[in-house]
Amino acid sequence: MAYLTLKGINKIYPNGFHAVHDFNLEIEKGEFIVFVGSSGCGKSTTLRMIAGLEDISKGELLINGVYANDKSPRDREIAMVFQSYALYPQMSVYDNLAFGLTLQGVDDDVIDEKVKHVAHILGLTDYLDRMPRALSGGQRQRVAVGRAIIRKVGIFLMDEPLSNLDAKQRVTMRAEIAQIHRQTGATTIYVTHDQTEAMTLADRIVIMKEGRIQQVGTPYELYFKPVNLFVAGFIGEPPMNFIRCKVQDGCVEIGGKKLNITPNLGAHAKEYEGKEIYFGFRPEAVALGQQENAYVLGANVELTEMLGDNTNVYVNIGSSNAILKVNPHDTPATDSDIVFSIPVESTYLFDAETEMVITTEELVSSAQ
Ligand code: ADP
C-alpha cells in the first residue's frame, strides 16, 4: 500500500478558478517526490492541499491508507518548510528549533538532546545562541529545515525552500537537503520551478502544466522518454530543439536536406504520411561532422557561447533555429557553414497537433 495516495484531486478556488485538475499520484514511504513546472501551474496549491492548508474541492487524499481530506493540518503528521523560512525573529536558533516540541510538552532533557542532534546534522551547533537576523540566508534556511525535521513526522513538505538563496548557496543547500533525506529517510514532497533541483533531488518527478500532471517518472525517464513536447522542452538546458516539418514519403525536409525518418516513425509511418510533426533533438546529442546511423544536417553559425566545459552554438538550419552543444575546442567560427549529425536513436518526433511523442519501442529501448 502506498504511504500517500492522491486520487482525482481537484482544486477550484472560491473565485471559480480551477487550479488543479484530476491529480492522481501514489507516493511510497521514504520517496523524494518533486513537483516541478512553471510558476502558476498548481504545484503549491497541490502541496497545500496535502498539508491541509487548502480544502480539497474534489477527490481523495489518503495518508497511510486513511482518508485525510478532513483532518486538520496538525493531525496529518506533516512538517512544512516555506520559501520565507517563517522563523520567529525574537527567538534564538535554539528556541526556534525547540519551539514545536515545547508546545507538545516534551521534556526539556529530550528537547535538548534533539535540538543538539539536529543542529549537528545541519551544521548549526555554533549558532544555537544567535538570533535569526544574525544568520545568513543559507543558515536561516537550515534552521527552517531543522524545525521541520526535529519533529518525527511522516511527511516532509517543502515549497521552493531555496528560492531566497543566491546561486552558490542554492547548490550547497541542495546537496544538504539530499543528505538530510538520506539520513532521515522521511517521505518528502518538494516544490520547485527549477528543473535542475528537480533532476538532482528527486526519486520521481511530477511535471505539471496548467494544473494538470504531464508526466510522472524518474529523472532518467523524463529526460530520455518525455511523453510530450512540453516535458521534452522543460527538462534539459539548453532545451531540446524542435523543428516543425511535414512527412512526405517517410521523409522530412530540414534546411534543404531530405531525411528519411521511417526508422523513428516505425509502425506509425503510414499514419503520419502527409502530417505535420516536430523533429526534436537535444543540443548535447549532436556531433560535428558526418557520422554513421545519424541524420546529417547543414547549418550556418549565428553565435557561439563558450561556457568552459562546452560551447553553445546557435545555428540557422534553413529557416529554423537550433542550439548545438559542442566541445569548446571545436567551437566553429561565427557565420561559418557547418555540418552536424544527430544519432537516429537520439531523435524525437512529436505529433504537431496533439504535441504527444510518436514513439517506437525499439528506438526507446536502444537509447537506454
Ligand atoms: P505554483 O505553485 O505552481 O506557482 P500555485 O499553486 O500557487 O502555482 O497557483 C496555481 C494557480 O492558482 C495560479 O494561477 C494562481 O494564480 C491561482 N491561485 C492561487 N491561489 C489562489 C486563490 N487563493 N484564489 C484564486 N486563485 C488562486
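Below, the structure is looked at part by part. Remember, it's a predicted structure, so these values are computed and weren't measured experimentally.

Definitions and cut-offs
Residues numbered from 1 in each chain as written. Predicted model: local features only at pLDDT ≥ 70, side-chain atom pairs only at ≥ 80, totals over all residues. Heavy atoms only, no water. Helix = DSSP H or I, 4+ residues; strand = E, 2+ residues; numbered from the N terminus. Buried < 20%, exposed > 50% of the residue type's maximum accessible area, 1.4 Å probe, protein only. Contact = heavy atoms within 4.5 Å. 1 Å grid on protein atoms, 1.4 Å probe; cavity = no way out; pocket = protein on both sides within 12 Å on 5 of 7 lines; lining within 4 Å. Points joined across faces, edges and corners; volume = space filled by probe spheres on them. Pairing = 2+ DSSP bridges. Near = heavy atom within 4 Å. Polar contact = N/O pair within 3.5 Å; in protein donor to acceptor, adjacent residues only side chain to side chain. Areas by Shrake-Rupley, 256 points an atom, 1.4 Å probe, with all protein chains shown as cover. Nonpolar A, V, L, I, M, F, W, Y, C, P; charged D, E, K, R; others polar. Phe/Tyr/Trp six-rings, centres within 6.5 Å; stacked < 30°, edge-to-face > 60°. Salt bridge = Lys/Arg side-chain N within 4 Å of Asp/Glu carboxyl O. Patch = residues over 30% accessible without salt bridge, like charges linked within 9 Å, V, L, I, M, F, W, Y side chains within 5 Å. Lys, Arg positive; Asp, Glu negative; His and termini not counted. Charge placed at Lys NZ, Arg CZ, Asp CG, Glu CD.

Helix and strand counts for the chain come out as eleven helices and 21 strands. A principal-axis box enclosing the C-alpha atoms of the chain has dimensions of 75 × 45 × 40 Å. The buried share of the chain, reckoned over its 368 residues, is 48%. Looking at the chain alone, contacts between residues at least 24 apart form 66% of all its contacts between residues at least 6 apart.

Each pocket or cavity is described by its volume, and for the largest pocket that value is around 780 Å³. Every residue lining the largest pocket is counted, 29 residues in all, and those nearest its centre are Arg74, Ile78, Ala79, Met80 and Arg151. Listed by contribution, the elements that provide at least two residues to the lining of the largest pocket are β6 (78-81), α2 (93-103) and α4 (137-149). Among the elements that make up the lining of the largest pocket, the one with the highest residue count is α2 (six residues).

Regular strands place side chains that alternate from one sheet face to the opposite one. Burial along β6 is two-sided: the face carrying Ile78 and Met80 and the face carrying Ala79 and Val81 are both buried. Relative to strand β7 (residues 155-159), β6 runs parallel, the two sharing four bridges. Paired with Ala79 across the two strands is Phe156, which belongs to β7.

This next bit is on the sheet that holds strand β18 (residues 320-326). Sheet architecture is open: five strands sit in the order β15-β19-β16-β17-β18, paired in antiparallel fashion. Looking at which strands have only one partner, the edges of the open sheet turn out to be β15 (287-288) and β18. The pairing of strand β16 (residues 294-306) with strand β17 (residues 311-317) spans six bridges and is classified as antiparallel. Residue pairing in the sheet places Val301 in a bridge with Val315 of β17.

Along the polypeptide, Asp159 turns up in strand β7. Sequence separation of Asp159 and Gln83 is 76 residues, and the distance between their C-alpha atoms is 5.9 Å. The residues contacting Asp159, other than those within four sequence positions of it, are Ser44, Leu47, Met80, Val81, Phe82, Gln83 and Val191.

On to the site of the ligand. What surrounds the ligand is the set Tyr13, Asn15, Phe17, Ala19, Ser38, Ser39, Gly40, Cys41, Gly42, Lys43, Ser44 and Thr45. Measuring from an oxygen atom of the ligand, one finds a backbone N or O atom of Cys41 at 3.1 Å. Within the contact set of the ligand, an oxygen atom lies 3.0 Å away from a backbone nitrogen or oxygen of Gly42. Summarising the interface, the protein chains cover 63% of the accessible area of the ligand, which totals 560 Å² for the free molecule. Here the element with the most residues in the shell around the ligand is helix α1 (residues 43-51); it accounts for three residues. For the shell around the ligand, a count of residues per class yields four nonpolar, seven polar and one charged.

Moving on: empty space enclosed by the protein. For the coordinates displayed, the defined rule picks out one cavity of 30 Å³ or more. Of the pockets and cavities examined, the largest cavity occupies roughly 40 Å³. Residue assignment for the lining of the largest cavity shows that the elements contributing at least two residues are β7 and α5 (167-184). Counting residues per element, the lining of the largest cavity draws most heavily on α5, which supplies three residues. Class assignment for the residues of the lining of the largest cavity results in six nonpolar, two polar and no charged.

Our next topic: the packing of aromatic side chains. For the structure on display, the rule yields eleven aromatic pairs. Pairing Tyr223 with Phe224 gives two aromatic rings, centres 4.7 Å apart and planes at 80 degrees, and the pair type is edge-to-face. Among the residues examined, Phe224 registers a relative accessible area of 30% and is labelled partly exposed. Look at Phe281 and Phe340: their rings are 6.0 Å apart centre to centre, the planes differ by 40 degrees, and that puts the pair in the tilted class. With Phe281 in strand β14 (residues 276-281) and Phe340 in strand β19 (residues 337-343), this residue pair connects regions lying 59 residues apart in the sequence. For Phe340, a relative accessible area of 0% corresponds to the buried category.

Bringing the pattern of salt bridges into the picture now. Per the stated rule, a full pass over the model turns up seven salt bridges. A salt bridge links Lys7 to Glu60; the nearest nitrogen and oxygen atoms lie 3.8 Å apart. Placement of Lys7 in strand β1 (residues 4-12) and of Glu60 in strand β4 (residues 58-63) is noted, with a sequence separation of 53 residues between them. Here Glu276 makes a salt bridge to Arg244, at a shortest N to O gap of 2.9 Å. Here Arg244 lies in strand β11 (residues 241-246) and Glu276 lies in strand β14, a separation of 32 residues in the sequence. Members of the salt-bridge network, linked through shared partners, are Lys11, Arg48 and Glu54.

This part is about a negative patch on the surface. Residues Asp107, Asp108, Asp109 and Glu113 make up a contiguous surface patch of negative charge. Within the secondary structure, Asp109 sits in helix α3 (residues 108-121). For Asp109, a relative accessible area of 63% translates into the label exposed.

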